[in-house]
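Structure at a glance
Okay, here's what each chain looks like letter by letter:
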Amino acid sequence: MFEHDPGEVSLQARNVKFDWTHTPLHWMPEEPIASHTVSALNLLLPEGERWFCATYTEALPLIADAKLREDVLGFIGQESMHAETHDVVLHDYLDAHGVDPRPFTAHAEYLMRKVLGPRPAMSPRGQKQQLVERIALIGAIEHLTAFLGDYALNSRWDELGGDANMIDLYRWHGAEEVEHRNVAHDVAVYFGVGYFRRNLSMLIAFLGFIVLLLRGTRFIVSQDPSLKDRGYLALWFQWMAATRRGALPSLARMTKGVARYLKPSYSPENEGSTAQAVAYLAKSPAARAALR
């Protein structure tokens, strides 16, 4: 269906507009836990993507390759728009449904700005090394987001009665993740991130992602008056049940995605379809609405 290769694409930020007035808290009506799991990404994405942008802005003066610089600038533009859009969701959607995101986003801000931020007190050599560590971690995270973007583009959310606005949000975002999936890997290679560091970064990123997503999901569940918070173990089993119904990607599928990254022959080109991503971006309701 997506056999036509559009070739090299120029990365550009797309303005999008969403109206969250009529989107219910359980945006997949029969899948409240899956709904909250995907919604929990909004608690992480704004600060995470600002961290991407800040790190790459710091790295940009050290990149002499003109094509890579152009790609990095396009990447920064797209990620800035992602951060801005998901930040609006926090308040126009979660806050409007009685879920106060501020305690969780304060933790996300501390993690991204303090724990994973630059260390100006270090020596210049130490600062450069720490920058490369961040670049390696972003490379791993961007593989996960490309995997999740491909999942969103091919998900069963429509069949499950998912809200059209929420589906479009994640498919628009996911399509751009697939579209720019080469950039973070190319930057990591440019800065000399080797096989061992690349794989260590993936193990940290994957475990961190699962833990933060589990915490974020429980955070929303605890503020949902229609659900009982039975703790992390019960939530884990509810996650597994949702994956069997196709509302979330299975742990086995995600693990296989991570395993692809660990191979010496890894290439981002094998993660998702640029043709499918570009085709969706051309018809995304939110992207088209911004053009009117």
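As a starting point, this report considers the structure included with it. (Residues numbered from 1 in each chain as written. Predicted model: local features only at pLDDT ≥ 70, side-chain atom pairs only at ≥ 80, totals over all residues. Heavy atoms only, no water.)

**Points about the overall build of the protein chain**
Stated precisely, the cut-off is as follows: A helix here means a DSSP run of H or I that spans at least four residues, while a strand means a run of E at least two residues long, and both kinds are numbered starting from the N terminus. Computation of the radius of gyration draws on C-alpha atoms, with the globule rule given as 2.2 Å multiplied by the number of residues to the power 0.38. Between buried and exposed lies partly exposed: a residue is buried under 20% and exposed over 50% of the maximum accessible area for its type, with that area taken using a 1.4 Å probe on protein chains only. Throughout, a residue-residue contact means that at least one pair of heavy atoms, one from each residue, lies within 4.5 Å. Counting rule for charge: Lys and Arg are taken as positive, Asp and Glu as negative, and neither His nor the chain ends is counted. Every charge is mapped onto a representative atom, which is NZ of Lys, CZ of Arg, CG of Asp or CD of Glu.
Counting its regular elements, the protein chain contains 11 helices and zero strands. A globule of 292 residues ought to have a C-alpha radius of gyration of about 19 Å, and the protein chain, at 19 Å, matches this closely. Split into buried and exposed, the 292 residues of the protein chain put 52% on the buried side. Within the protein chain, residue pairs in contact and separated by at least 24 positions form 83% of the contacts whose partners lie at least 6 positions apart. One finds the centroid of the 30 positive side-chain charges in the protein chain at a distance of 6 Å from the centroid of its 34 negative side-chain charges.

**Some details on the pattern of salt bridges**
The following threshold applies: Here, a salt bridge means any side-chain nitrogen of Lys or Arg that lies within 4 Å of a carboxyl oxygen of Asp or Glu.
All told, the structure shown has 15 salt bridges when counted by the stated rule. Between D95 and R102 there is a salt bridge, and its shortest N-O distance comes to 2.6 Å. One network of salt bridges, in which partners are shared, links E47, R50, D87, E109 and R113.

**Topic: the side chain of R181**
Stated formally: Polar contacts, as used here, are pairs of N or O atoms within 3.5 Å; protein pairs need one atom able to donate a hydrogen and one able to accept it. Residues neighboring in sequence count only if both atoms are side-chain atoms.
Secondary-structure assignment places R181 in the loop between α5 (164-179) and α6 (183-190). Under the relative-accessibility criterion, R181 is labelled buried at 5%. Within the local environment of R181, its side chain forms a polar contact with the side chain of T274, the two groups lying 2.8 Å apart. Excluding anything up to four places from it in sequence, R181 contacts A146, P268, E269, E271, G272 and T274.

**Here we look at empty space enclosed by the protein**
For clarity, the cut-off: Both cavities and pockets are sets of points on a 1 Å grid over the protein atoms alone; in a cavity a 1.4 Å probe fits but cannot get out, in a pocket the set is open with protein on both sides within 12 Å along at least five of seven lines, and lining residues sit with an atom within 4 Å of a point. Grid points are joined across faces, edges and corners, and a volume is the space filled by probe spheres set on the points. Nonpolar residues are Ala, Val, Leu, Ile, Met, Phe, Trp, Tyr, Cys and Pro. Charged residues are Asp, Glu, Lys and Arg, and all others, Gly as well, are polar.
Scanning the entire structure with this criterion turns up two cavities of 30 Å³ or more. Together, I33, R218, V221, K228, D229, R230, G231, L235 and Q238 line the largest cavity. For the lining of the largest cavity, the elements supplying multiple residues, two or more each, are α7 (195-221) and α8 (232-244). For the lining of the largest cavity, the class distribution of residues is three nonpolar, two polar and four charged. Each pocket or cavity is described by its volume, and for the second largest cavity that value is around 30 Å³. Put simply, the parts of the chain that give the lining of the second largest cavity at least two residues each are α4 (124-153) and α6. The dominant element in the lining of the second largest cavity, judged by the number of residues it contributes, is α4, at three residues.

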